[in-house]
Amino acid sequence: MPIRAVLWDIDDTIFDYSGADRIGMRKHLETEGLPGGYASHEQALNAWKSITDVHWARMAAGETDFQGQRRGRVRSFLGRDLSDEEADSWFGRHTAHYEAAWSLFPDTVPVLDRLAGDFRHAVLSNSSIHSQDRKLRELGVRDCFEAVVCAVELGVSKPAAGAFHAACEALALDPHEVAYVGDEPDIDAAGAVAAGMTGIWLDRGGRGGRPELVRITALDQLPGLLAGNTRFGAPDTFG
């Protein structure tokens, strides 16, 4: 069966989440002041990223909910036992700076346009529908996707097969008819493969090192990969 639809991750795949988060947090710290325990803004920014990764993993494992991971990130970063209201307020002030820095990667819209006539499109994200649907609308690409499926509402997160299968069900397609594109080799590409889909790792940083995965290093490589009849599905196709 040919691939009939592309299922997309959002953050750090089509949307520059890391860039926006870093710019937003730097501006937030410039306004709020550098918290105690950090010698520089760079140290604080690196700590924020590591803390974010930890608390997103906790949410994916069912140890906390969406709002809980936000509050946990703030408390871990500041090293203080804040009330929920205090943590929410601090995160909200950060969010204003973060959202001001939102942007798609430059290759996102051109590739969505190139693929529009040949493939159906949907989103599967480990975030919440409120967050991701609004983000796609603000960035002007929501209409490119038939469905936006998010783990917070599903109650199951990538890389669990149930998350991928729910997105396939939203498209009324079997897993083998869908390709998944995401920036995480295990959560996205390997998870999709285990769920019976074609998993494609978008390795923007050129990390490599996962020869068993289908890999691209930029989205402009995706149309050729999807169109190919000989090497499609071959591990480490690009880069």
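Just so it is clear, the model here is predicted, and its values are computed rather than measured.

What counts and what doesn't
- Residues numbered from 1 in each chain as written.
- Predicted model: local features only at pLDDT ≥ 70, side-chain atom pairs only at ≥ 80, totals over all residues.
- Heavy atoms only, no water.
- Pairing = 2+ DSSP bridges.
- Helix = DSSP H or I, 4+ residues; strand = E, 2+ residues; numbered from the N terminus.
- Axes fitted to C-alpha atoms, helices over the stretch in contact; angles between N-to-C directions.
- Contact = heavy atoms within 4.5 Å.
- Buried < 20%, exposed > 50% of the residue type's maximum accessible area, 1.4 Å probe, protein only.
- Parallel < 35°, antiparallel > 145°, perpendicular 65-115°, else oblique.
- Left-handed = near helix turned anticlockwise from the far one by under 90°.
- Nonpolar A, V, L, I, M, F, W, Y, C, P; charged D, E, K, R; others polar.

The parallel open sheet is built from 6 strands, whose spatial order is 3-2-1-4-5-6. The outermost strands of the open sheet, each flanked by one partner alone, are strand 3 (148-150) and strand 6 (214-216). Each strand of the sheet is rotated relative to its neighbour by a mean of 25 degrees, with strand direction disregarded. Contacts from helix 9 (residues 185-194) reach strand 4 (178-182) and strand 5 (198-202) within the one sheet, and its direction differs from that of strand 5 by about 160 degrees.

Here the focus is unusual backbone geometry. In most cases, non-glycine residues show a negative phi, while peptide bonds are predominantly trans. Residue Pro 159 follows Lys 158 across a cis peptide bond; omega there is 15 degrees. With respect to the helices and strands, the residue Pro 159 is situated in the loop between helix 7 (151-154) and helix 8 (161-171). With a phi angle near 65 degrees, Asp 12 is a residue other than glycine that sits in the positive phi range. Looking at where Asp 12 falls in the secondary structure, it is placed in the loop between strand 1 (5-8) and helix 1 (17-32). Classification of Asp 12 by relative accessible area gives buried; the value is 19%.

Before going further, it helps to spend a moment on the packing of helix 1 against helix 2 (residues 41-60). Relative orientation of the contacting elements helix 1 and helix 2 amounts to 125 degrees, with a least axis distance of 10 Å. Considering the angle they form, helix 1 stands oblique to helix 2. Here helix 1 runs over helix 2; the crossing is right-handed. Seen from helix 1, the contacting residues are Tyr 17, Asp 21, Arg 22, Met 25, Arg 26, Leu 29 and Glu 30; seen from helix 2, they are His 41, Glu 42, Ala 44, Leu 45, Asn 46, Trp 48, Thr 52 and Trp 56. In the contact of helix 1 with helix 2, the residues fall into 7 nonpolar, 3 polar and 5 charged.

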